[in-house]
Amino acid sequence: MKIQGKYTINVNPERVFEILTDPEALGRCMPGTQELTLTEENTYSLAITAGVGAIKGSYKGTVKLDDLRPPEHYRMIVEVKGKTGFVKGEGEIDLATEGDGTQITYSGNVQMGGPVASVGQRLHSSTAKLMTRQLFGAIEAEAKAAPGEEVKHGVVRDIMRTVKRKKQ
Amino acid sequence: MPISKTVGARIKRREDPRLIQGLAQYVDDIKLVDILHVAILRSPYAHARILSINTDTARSHPGVVAVVTGDDIKDKLGTVPCATTDPEGFPGMKVPPHYCLAVEKVRLVGEPVVAVVAEDKYIAQDALDLVEVDYDPLDAVTSSEDALAEGAPILHEQFGTNQAFTWSLAGGNIDAALAEADKVVKQKFVHQRLAPNAIEPRGVLANYEAGDGQLTLWSSTQIPHLLRTQLSVMLGMAENRVRVIAPEVGGGFGSKLNVYAEEGLLGYISRELNRPVKWIEGRRENMMHTIHGRDQTGDVEVAVKNDGTITGLKYTVMADVGAYYQLLTPAIPTLTGLMLCGCYRFQNVAMNLTATFSNKMATDAYRGAGRPEATYLVERIVDCVAHDLNMDPLEVRRKNLIGADEFPFTTGTALAYDSGDYTTALDKAMGMIDYDALRKEQAELREQGRYLGIGLSTYVEICGMGPSAAMPAGGWESSTVRVDPTGKVTVLTGVSPHGQGQETSFAQMIADGLGVDIDDVKIVHGDTEIVQYGIGTFGSRAMAVGGAALHIAMEKIREKANKIAAHLLEANPQDIVMDDNMYFVQGNPDNALSMADISTTAHVGVNLPEGLEPGMAETHFFEPSNFTYPFGTHIAVVEVSADTGEIEIKRYIAVDDCGNIINPLLVEGQLHGGIVQGLSQALFEEVVYDEGGQMLSGSFMDYALPRAHHFPRFEMDNTITPSPVNPMGVKGVGEAGTIGSTPCIVNAVVDALKPFGVGHIDMPLRPEKIWRLMQ
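Predicted model only: the values in this text are computed from it and were never measured. (Residues numbered from 1 in each chain as written. Chains lettered and ligands numbered in written order. Predicted model: local features only at pLDDT ≥ 70, side-chain atom pairs only at ≥ 80, totals over all residues. Heavy atoms only, no water.)

Along its length, chain B carries 20 helices and 28 strands. Across its three principal axes, chain B shows a C-alpha extent of roughly 85 × 75 × 45 Å. In chain B, which comprises 775 residues, the share counted as buried stands at 63%. Of the contacts made within chain B by residues no fewer than 6 positions apart, 81% connect residues no fewer than 24 positions apart. On chain B, roughly 27600 Å² of surface is accessible, and the fraction owed to carbon and sulfur atoms is 49%. The averaged location of the 100 negative side-chain charges in chain B is 2 Å from the averaged location of its 63 positive side-chain charges. (Helix = DSSP H or I, 4+ residues; strand = E, 2+ residues; numbered from the N terminus. Buried < 20%, exposed > 50% of the residue type's maximum accessible area, 1.4 Å probe, protein only. Contact = heavy atoms within 4.5 Å. Areas by Shrake-Rupley, 256 points an atom, 1.4 Å probe, with all protein chains shown as cover. Lys, Arg positive; Asp, Glu negative; His and termini not counted. Charge placed at Lys NZ, Arg CZ, Asp CG, Glu CD.)

Following this line, the structure appears as structure tokens:
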């Protein structure tokens, strides 16, 4: 499955890049993340839960960042597996200044296998879209927060943020 | 066979009350003390090397009793059998080992890799998560074309190729026919892959008892006896120490005419642990790892004369048989070859088949098994001929149909059609519609931008399987008829019905033939310890072959009853008649005996004719002399929406001939279900794998099954041409609907789209595909 899209965040690229490569902040932002730990330079171990249609499962694996050119570009390689199958993905993330904010452009390829691939194929791209929106929405909230402020994320927050953005 | 009291009557299925009240026992309903549950870890990869399997954590999980891998079983448990690998039939065939759990490599998504045995099924499922398998993924092959491409990943490396086998068939001289033809009509046809989807998935319960060294295995199977033989080989056990029971079986459609890895595996695990073990297949497992059907792609060329006479047909085809063979995998496309002449007269025919391995589930028998493919391509190409010659499809058919006076007819493929009257069936179906008026309406509607289509299918199929000489493992069938001292009758039949209704139709035959009440007849099947060896229920054979065995065993009882009655009534056996359930000397009905009177005498044993054995039990093993060939004409009237591409079936007419009919209600039921399944292939169903070999149609959200509202009320009638092959003159009806209906609806839709220059559309006819063609 190919995924691609654009998302604009009202925060400068430097700050966005910082969060995108900070395991603690990123762990809070990525929906379903249970654990994201730096294991070696630019490599993290990841435990995550995700649901596609009726298939809800937990996955474990690694996230690797590569080709890092702060604050404008990096490549992300994700490999996770669990009882409900495996997910392998590779994507390019580009950050560009747009006014006071940042336009994030992402494109990549996701490969899925096992039960997660066999069920609700039509739901995959919408699930990917939803998760991406949740991720970037959370990053924006994280970036705007005052230092030390605890930011809450989740489905309800995401909906509230989306509604707020649409109003603006 | 004359219609008497019950035979020929619309008697409701006697098995239904227990089924609809939840009183039936399926495998999962059977509970044994100390039972363990098995869950199976399946490959998420279509093609990968297994680098390592770590089962330590799973083994130490509380409640887990054992964890079994391919390495554990590869030298101790036989491989999954294939009955059709005869080198004479398939020279040069590659036969890969098919372990019950993957060894070294996995070759399809869903392949069993590890079995976890636990105290309950939830623990077993949870523990699957704790097994770590390290795979090295390999590129996958998902079509015949890719399989044979240069540099393609090889599934079974020892062969150096993905070509599984080739097979060819020739009759007459096809090359001469094509060379001499006025016109050669060509079309490529794709028979998409289908999933059988029996309402009850598979399930196995195995119980090894160390005391007497006996394994009892309950399985949702169509072939308990064949399974017993194969299990004894796989497990290295004496066959008389293996008992297979097919309890209530919730449908099969051919998918349970097989021996599966899980059956061998459960037998093995139970014997190792000396405890009963159960595994019940999930719906997603069923989609992935119960056999699929069809998956042929081929080119048809027919030689025709300008007047529409077909002189020959050539079929060059690739069959994508999946990663491993199941029981009958290689045989299925050969059945397509046998039926390539359809109900037509032409004698020049050839088929060249190349079967290839791919990273998909094995194909095998699915309702019709090879014959729907034949009927589809024959009936479609006849319409293509009509299209190319600008003739009416009806006229092309009339020109080529074998006449009623030509039977027994030997086809170009050397089959001897037993009996038939194709024109009468066609005429009867045409009589149910006003063809000329429909064509006129079609022309008028086209003016208004509405698209009506009329499709025909005049099919013949091969059933009543079959003479043993033409079958991989016996084609005969068995029956025992026993009468108790009190006159109640028990039938032990070697067929194993699972929805066909033989508990009703066989009882009807006994009620009439022996003069007993239908409620006094019990039909027993599916337990190899109780029932004499039999072959099973498939290939529309239960009545045509199993019923024939029953009929002859019953005749033996009847003869004995006549002898005893004659003795008691002091007459000659040939003067005994039976009427209204009483036996008496012709002309003297006042002095009559019931079957109970006669059977009591037979069992008491003191007042029997000189030399007659006591008791009342007879067995017959029936060997049919030929297959049977049911046939018919189906007509579909459809309207295709120009706005949405949706197909509305406005009318569906089916005139079928399955020979004599024991129970019209059962015959209609089989035809209804069959027609729906055939139409569903044409309109909805398709198993889809992506390029990586991942199954994208793994649930009912993605694999479209039909619903009642998709279809109109079928308008049905029949003709009756008795078969000379069995004493009842029946032909079999289990697959007829599926075989006849698929091309009928495609022909109708292609006919509707004629104004758009459409000459062919590959199935399934999804609205999106149709709509694009109309733009």
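Next up on the list: the pattern of salt bridges. All names here are of chain B. Taken as a whole and judged by the stated rule, the model has 44 salt bridges over all chains. For E157, the salt bridge goes to K105, with nearest N and O atoms at 3.1 Å. Taken together, the residues E157 in the loop between α5 (144-148) and β7 (163-171) and K105 in strand β4 (residues 105-106) connect sequence positions 52 residues apart. Using a relative accessible area of 2% as the deciding quantity, one classes K105 as buried. Salt bridges sharing partners connect three or more residues here, namely R42, R202, E262, E281 and E285. (Salt bridge = Lys/Arg side-chain N within 4 Å of Asp/Glu carboxyl O.)

Now for the nonpolar core. All names here are of chain B. Core analysis: the largest hydrophobic core is formed by 165 residues, its most contacted members being L313 and Y417. The element best represented in this core is helix α11 (residues 371-389), accounting for 10 residues. Contact partners of Y417, with chain neighbours within four places excluded, come to M339, G342, I402, F407, P408, F409, T411, Y422, V460 and Y629. Of all hydrophobic cores here, the second largest spans 47 residues; its members include V516, V521, M578 and M728. (Core = buried A, V, L, I, M, F, W, Y, C linked by side-chain atoms within 4.5 Å.)

What follows deals with the environment of T69 of chain B. Examined against the element boundaries, T69 of chain B turns out to sit in strand β3 (residues 64-69). Apart from residues no more than four positions distant in its own chain, T69 of chain B is found in contact with I53, T55, L101, V113 and V114 of chain B.

Before going further, it helps to spend a moment on the interface of chain A and chain B. With 16 residues of chain A at the interface, the matching set in chain B holds 16 residues. Carbon and sulfur atoms supply 54% of the area buried between chain A and chain B, which totals about 1400 Å² over both sides. Our enumeration of links across chain A and chain B arrives at zero salt bridges. At the junction of chain A with chain B, the criterion picks out four residue pairs in polar contact (both at pLDDT 80 or more). Mapped by element, the contributors of at least two residues to the side of chain A that touches chain B are β6 (85-98), β7 (101-113), α3 (115-118) and α4 (121-144) of chain A. Considering only residue class, the side of chain A that touches chain B consists of seven nonpolar, six polar and three charged. (Buried area = accessible area lost by both parts, 1.4 Å probe. Polar contact = N/O pair within 3.5 Å; in protein donor to acceptor, adjacent residues only side chain to side chain. Nonpolar A, V, L, I, M, F, W, Y, C, P; charged D, E, K, R; others polar.)

Residues and elements named next belong to chain B. One open sheet accounts for seven strands, arranged β3-β5-β1-β12-β9-β10-β11; its pairing is mixed. Sheet topology places β3 and β11 (242-245) at the edges, where each strand pairs with a single neighbour. Averaged over all adjacent pairs, the angle separating strand axes in this sheet is 20°, with direction ignored. Note that strand β1 (residues 36-42) and strand β12 (residues 277-280) share two bridges and pair parallel. Note that in β12 the partner of H37 across the bridge is K278. Against the sheet, helix α8 (residues 261-273) makes contact with β1, β3, β5 (112-118), β9 (203-209), β10 (214-219) and β12, and its axis sits at roughly 30° relative to β9, the strand it touches most. (Pairing = 2+ DSSP bridges. Axes fitted to C-alpha atoms, helices over the stretch in contact; angles between N-to-C directions.)

Take the pairing of strand β28 (residues 715-718) of chain B next. Taken residue by residue, a regular strand's side chains alternate between the two faces of the sheet. All names here are of chain B. The pairing of strand β27 (residues 647-657) with β28 spans four bridges and is classified as parallel. Looking at the pairing, V655 lines up with D717 of β28. Of the crossover connections in this fold, the one passing from β27 over helix α18 (residues 664-683) to the parallel β28 is right-handed. (Right-handed = clockwise from strand over helix to strand, strands pointing away.)

All names here are of chain B. Along the chain, the position of R193 falls in strand β8 (residues 183-194). From its side chain, R193 meets the backbone oxygen of D320 in a polar contact 3.1 Å long. Engagement of the side chain of R193 in a polar contact is seen with the backbone oxygen of M361, the distance being 2.6 Å. Ignoring anything within four residues of it in the chain, the contact list for R193 reads H292, G293, D295, D320, V321, G322, K360, M361, T363, E686, V687 and Y689.

Residue and element names in this part refer to chain B. One ladder, built from two bridges, connects strand β2 (residues 48-54) with β4; its direction is antiparallel. Counterpart to A48 in the pairing with β4 is V106. Across six bridges, the pairing between β2 and strand β6 (residues 132-137) is antiparallel. Bridging from a neighbouring strand, I50 pairs with Y135 of β6.

A few words now on the side chain of R367 of chain B. All names here are of chain B. One can find R367 in the loop between β15 (348-357) and α11. Of the side chains with opposite charge, E735 lies nearest to the buried R367, which makes no salt bridge, at 6.8 Å. Among the polar contacts listed, one links the side chain of R367 to the side chain of Q677, at a separation of 2.6 Å. Once residues lying within four places of it in the same chain are set aside, the contact partners of R367 are F253, R294, P372, Q670, G673, G674, Q677, G734, E735 and T738.

Residue and element names in this part refer to chain B. Along helix α17 (residues 595-604), the positions that sit buried rather than exposed are M595, I598, S599, T601 and A602. Projection of α17 onto a plane perpendicular to its axis shows the buried side chains occupying an angular sector of 155°, all on one side. The secondary structure elements touched by the buried residues of α17 are β19 (477-483), α15 (502-514), α16 (542-568), β23 (582-585) and β24 (592-593). Just beyond α17, the residue with positive phi is G605, at close to 80°. (Arc of directions from axis to C-beta.)

Residue and element names in this part refer to chain B. Residues D56, E132, D134 and D136 make up a contiguous surface patch of negative charge. For the negative patch, the leading source of residues is β6, giving three residues. As for its placement among the helices and strands, E132 is situated in strand β6. (Patch = residues over 30% accessible without salt bridge, like charges linked within 9 Å, V, L, I, M, F, W, Y side chains within 5 Å.)

Here the focus is the state of the cysteines. Residue and element names in this part refer to chain B. Scanning all chains against the criterion turns up zero disulfides over all chains. With no disulfide of its own, C82 lies closest to C100 among cysteine sulfurs, the gap being 14 Å. Left unpaired, C343 is separated from the closest cysteine sulfur, that of C341, by 10 Å. Looking at C343, the relative accessible area reads 1%, which means it is buried. (Disulfide = S-S within 2.5 Å.)

A separate point is the packing of α11 of chain B against helix α19 (residues 736-752) of chain B. Packed helices, taken two at a time, are described by their axes: the angle between them and the distance between them. Residues and elements named next belong to chain B. Between α11 and α19, the shortest axis-to-axis distance is 8 Å and the interhelical angle comes to 30°. Taken together, the axes of α11 and α19 lie roughly parallel to each other. Every pair of crossing elements has a handedness; the one defined by α11 and α19 is right-handed. Residues R371, P372, T375, Y376, E379, R380 and D383 of α11 form the contact with α19, whose own contacting residues are I739, T742, P743, V746, N747 and V750. Grouping the amino acids of the contact of α11 with α19 by side-chain chemistry returns six nonpolar, three polar and four charged. (Parallel < 35°, antiparallel > 145°, perpendicular 65-115°, else oblique. Left-handed = near helix turned anticlockwise from the far one by under 90°.)

Turning next to the packing of aromatic side chains. All told, the structure shown has 18 aromatic pairs over all chains when counted by the stated rule. Centre to centre, the rings of F17 of chain A and Y74 of chain A are 5.5 Å apart; their planes meet at 85°, and the pair counts as edge-to-face. Separated by 57 residues along the polypeptide, F17 of chain A in helix α1 (residues 13-20) and Y74 of chain A in strand β5 (residues 73-82) bring together distant segments of the chain. Given a relative accessible area of 6%, F17 of chain A falls into the buried group. Taking relative accessible area as the criterion, Y74 of chain A reaches 2% and is therefore assigned buried. Aromatic pair F159 of chain B and F357 of chain B: ring centres 6.4 Å apart, planes at 15°, arrangement stacked. Of the two residues, F159 of chain B sits in the loop between α5 and β7 while F357 of chain B sits in strand β15, which places them 198 residues apart along the sequence. By relative accessible area, F357 of chain B is classed as buried at 0%. (Phe/Tyr/Trp six-rings, centres within 6.5 Å; stacked < 30°, edge-to-face > 60°.)

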